[in-house]
Amino acid sequence: MRQNPVAMKFLETHARLAWTVGLGICAIAAGYVFIFRPDGGDLYPNWRAARAVLDGMPAYAQYDWPFPYLYPPGFLLPMLPLGRLDFHVAVRLFFVVNVAGIVIGTLCCLRLCRISLRSPVTPLVLAALSLTAPLLITLIQGNVNGLLVAGEGAFLLLASRNRWPAAGAALGVTLLVKPLLLPLLIIPVLWRRLDALLLAIAVPVVVSLVAFPFLSDGTAFFTRAVPYLLGGERGNELGNTTIAGVFALVHAPAWLSLIARLAVVAAAAIAVLRTPRSGELGLVGVGSIALVAAFMAFSFSSQYFALLLLPLAVSAALPGTWMAGVLAWTGMYLVNSPDLFLFYRLGRAFGVGPALGTARTLVGYAVILSALLLRAMREQRSK
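A.B. asks: How would you summarise the overall build of the protein if you had to cite specific residues and measurements?
C.D. replies: Of the regular secondary structure elements, the protein holds 19 helices and zero strands. Across its three principal directions, the C-alpha atoms of the protein cover 60 × 50 × 50 Å. Contacts in the protein between residues far apart in sequence, at least 24 positions, make up 76% of those at least 6 positions apart. A total accessible area of about 17000 Å² is found for the protein, and carbon and sulfur atoms account for 70% of it. For the protein, the separation between the mean place of its 28 positive charges and that of its 14 negative charges on side chains is 10 Å.

So this is what it looks like as structure tokens:
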């Protein structure tokens, strides 16, 4: 959705209405989750591990949740203050932190795409985002994705302004929290910014080394958590939106899954190589291609990972946007629309659990990657 002069004139004329409606929708969505849906299930392992460290116990031992603790050792340091709180208090506090991270990330994306923060577009973007399934699931579950969105937005904005060392540090902070944005390391590699690449790697490594003396089992991250992640998070198959996960749900042969994954990697490589490495669109394009390919071809991904495609959606405001055409917006609808919750309910009604919603998310990623590949090929031909 490019900036339409007529629409922008209307919004500027009715700016107060836009801010009132937009912020009102945000407040209703956030308030509903805060009051009625403070689950925080994804936060519990972090809180329990921090509490274990404070009590002198192993952080990576399997206590009263079904999966191993999966986060890097360094992330336990900023989690220690939450570990001192009652879990229900920690959930509420982290909810505020999560919301703040999402707002910061959104504002960075808006500036990246040359939209003034005082523009009436700002509250409407925040309102639209607050109604998406990935954001609502993130807040309900208390997942750390809000922190990743803030770091991702800061990384892209700083890189677009040629502040590469700061950009690398911002990306490194996200890798300290959770290595979900690891595919974005391709950006400093392709832009030949060794300083940013080294800083992005150094931040999680250094902080984790600082954390090791506080942990009695720091190496368990490599012996327990990493193998579990690479194995596709056994026991959580119904929520696995990768090719491997969905193909397993429909009992497709493993060789077919492997072929599909290799095809995705090949398509992503072609798209990246044909994407111009300049300006905001180059950064957003390469980053989005790398993330979507990882979400599809890795051993595990979850539906709310789609929240990290926020820069791609906001880039609709840029001339020559990647989001031109029905195909790209169809993919965005499939992974973000709140009616995804209906698909999960339908799946349970038909006795297949969340499989319908899981498969729909994979289809959405495939449509987005197809749109990005076609756009990159057209861009290459036009030169």
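Read on for the rest.
A.B. asks: For the environment of arginine 114, give the residues involved together with the corresponding values.
C.D. replies: Mapping arginine 114 onto the fold places it in the loop between helix 5 (87-112) and helix 6 (121-130). A relative accessible area of 53% means that arginine 114 is categorised as exposed. For the pair formed by arginine 114 and leucine 318, sequence separation is 204 residues and the distance between their alpha carbons is 7.6 Å. Polar side-chain contacts of arginine 114 include one of 2.9 Å to the side chain of glutamate 280.

A.B. asks: So, the packing of aromatic side chains: which residues are in play, and what are the values?
C.D. replies: Applying the stated criterion to the full structure yields 12 aromatic pairs. Between tyrosine 60 and tyrosine 69, the aromatic rings sit 5.2 Å apart at their centres with planes inclined by 55°, giving tilted as the arrangement. Assigned by exposure class, tyrosine 60 and tyrosine 69 land together as buried. Sitting above the plane of the phenylalanine 34 ring, arginine 92 keeps its charged end 4.8 Å from the centroid.

A.B. asks: I'd love a proper account of the pattern of salt bridges, names of residues and values included.
C.D. replies: Pairing between side chains becomes possible if they bear opposite charge and their charged atoms approach one another. With the rule as written, the count across this model stands at three salt bridges. Glutamate 280 is the partner of arginine 114 in a salt bridge, and the nearest nitrogen-oxygen pair spans 2.9 Å. Highlighted residues: arginine 114 in the loop between helix 5 and helix 6 and glutamate 280 in helix 15 (residues 279-297), separated in sequence by 166 residues. A residue is classified by how much of its surface remains accessible, and glutamate 280, at 18% relative accessible area, is buried.

A.B. asks: Quick one: what's the story with a nonpolar patch on the surface, residue by residue and with numbers?
C.D. replies: A cluster of nonpolar side chains, namely Tyr32, Phe34, Ile35, Phe36 and Val96, defines an oily patch on the protein surface of about 510 Å² accessible area. It is helix 2 (residues 15-36) that contributes the most residues to the nonpolar patch, four residues altogether. Along the chain, isoleucine 35 falls in helix 2.

A.B. asks: Kindly report on the environment of leucine 43, identifying the contributing residues and their values.
C.D. replies: Mapped onto the elements, leucine 43 comes out in helix 3 (residues 43-54). Linking leucine 43 and phenylalanine 341, residues 298 residues apart in sequence, is a C-alpha distance of 21 Å. Apart from the residues within four sequence positions on either side, leucine 43 is in contact with Met79, Phe87, Ala90, Val91, Phe94, Gln141 and Gly142.

A.B. asks: An account of the packing of helix 5 against helix 7 (residues 133-141) is requested, with residue identities and associated values reported.
C.D. replies: Packing of helix 5 against helix 7 brings their axes to within 9 Å, and their N-to-C directions diverge by 155°. Regarding the angle of helix 5 to helix 7, the classification is roughly antiparallel. Two packed elements cross with a definite hand, and for helix 5 against helix 7 that hand is right-handed. Each of Phe95, Asn98, Val99 and Ile102 in helix 5 lies in contact with helix 7, whose residues at this interface are Leu135, Thr138 and Leu139. Residues of the contact of helix 5 with helix 7, tallied by class, amount to five nonpolar, two polar and no charged.

A.B. asks: Tell me about the nonpolar core, residues and numbers included.
C.D. replies: By size, the foremost hydrophobic cluster in this structure holds 109 residues, and its most contacted members are Ile187 and Tyr365. A per-element tally of this core places helix 15 first, with 11 residues. Once you skip the residues sitting within four places of it in the chain, isoleucine 187 turns out to touch Phe155, Leu156, Trp164, Leu283, Val286 and Gly287.

A.B. asks: Can you break down helix 4 (residues 76-83) residue by residue, with the values?
C.D. replies: Where helix 4 is concerned, the buried positions are Leu76, Met79, Leu80, Leu82 and Gly83. Down the axis of helix 4, the buried set is contained in an arc of 165°. They therefore lie on one face.

A.B. asks: Break down the side chain of threonine 174 for me, with residues and values.
C.D. replies: If you trace the backbone, threonine 174 turns up in helix 9 (residues 164-177). If we ignore the near neighbours within four places in the chain, the residues touching threonine 174 are Leu148, Gly151, Glu152 and Leu181.

A.B. asks: Outline helix 6, supporting the account with residue identities and numerical values.
C.D. replies: Counting buried residues along helix 6, seven of its 10 residues qualify, which places the element largely inside the surrounding structure. Buried within helix 6 we find Val121, Thr122, Pro123, Leu126, Ala127, Leu129 and Ser130.

Scoring rules and cut-offs
- Residues numbered from 1 in each chain as written.
- Predicted model: local features only at pLDDT ≥ 70, side-chain atom pairs only at ≥ 80, totals over all residues.
- Heavy atoms only, no water.
- Helix = DSSP H or I, 4+ residues; strand = E, 2+ residues; numbered from the N terminus.
- Contact = heavy atoms within 4.5 Å.
- Areas by Shrake-Rupley, 256 points an atom, 1.4 Å probe, with all protein chains shown as cover.
- Lys, Arg positive; Asp, Glu negative; His and termini not counted.
- Charge placed at Lys NZ, Arg CZ, Asp CG, Glu CD.
- Buried < 20%, exposed > 50% of the residue type's maximum accessible area, 1.4 Å probe, protein only.
- Polar contact = N/O pair within 3.5 Å; in protein donor to acceptor, adjacent residues only side chain to side chain.
- Phe/Tyr/Trp six-rings, centres within 6.5 Å; stacked < 30°, edge-to-face > 60°.
- Lys NZ or Arg CZ within 6 Å of the ring centre and 35° of its normal.
- Salt bridge = Lys/Arg side-chain N within 4 Å of Asp/Glu carboxyl O.
- Patch = residues over 30% accessible without salt bridge, like charges linked within 9 Å, V, L, I, M, F, W, Y side chains within 5 Å.
- Axes fitted to C-alpha atoms, helices over the stretch in contact; angles between N-to-C directions.
- Parallel < 35°, antiparallel > 145°, perpendicular 65-115°, else oblique.
- Left-handed = near helix turned anticlockwise from the far one by under 90°.
- Nonpolar A, V, L, I, M, F, W, Y, C, P; charged D, E, K, R; others polar.
- Core = buried A, V, L, I, M, F, W, Y, C linked by side-chain atoms within 4.5 Å.
- Arc of directions from axis to C-beta.

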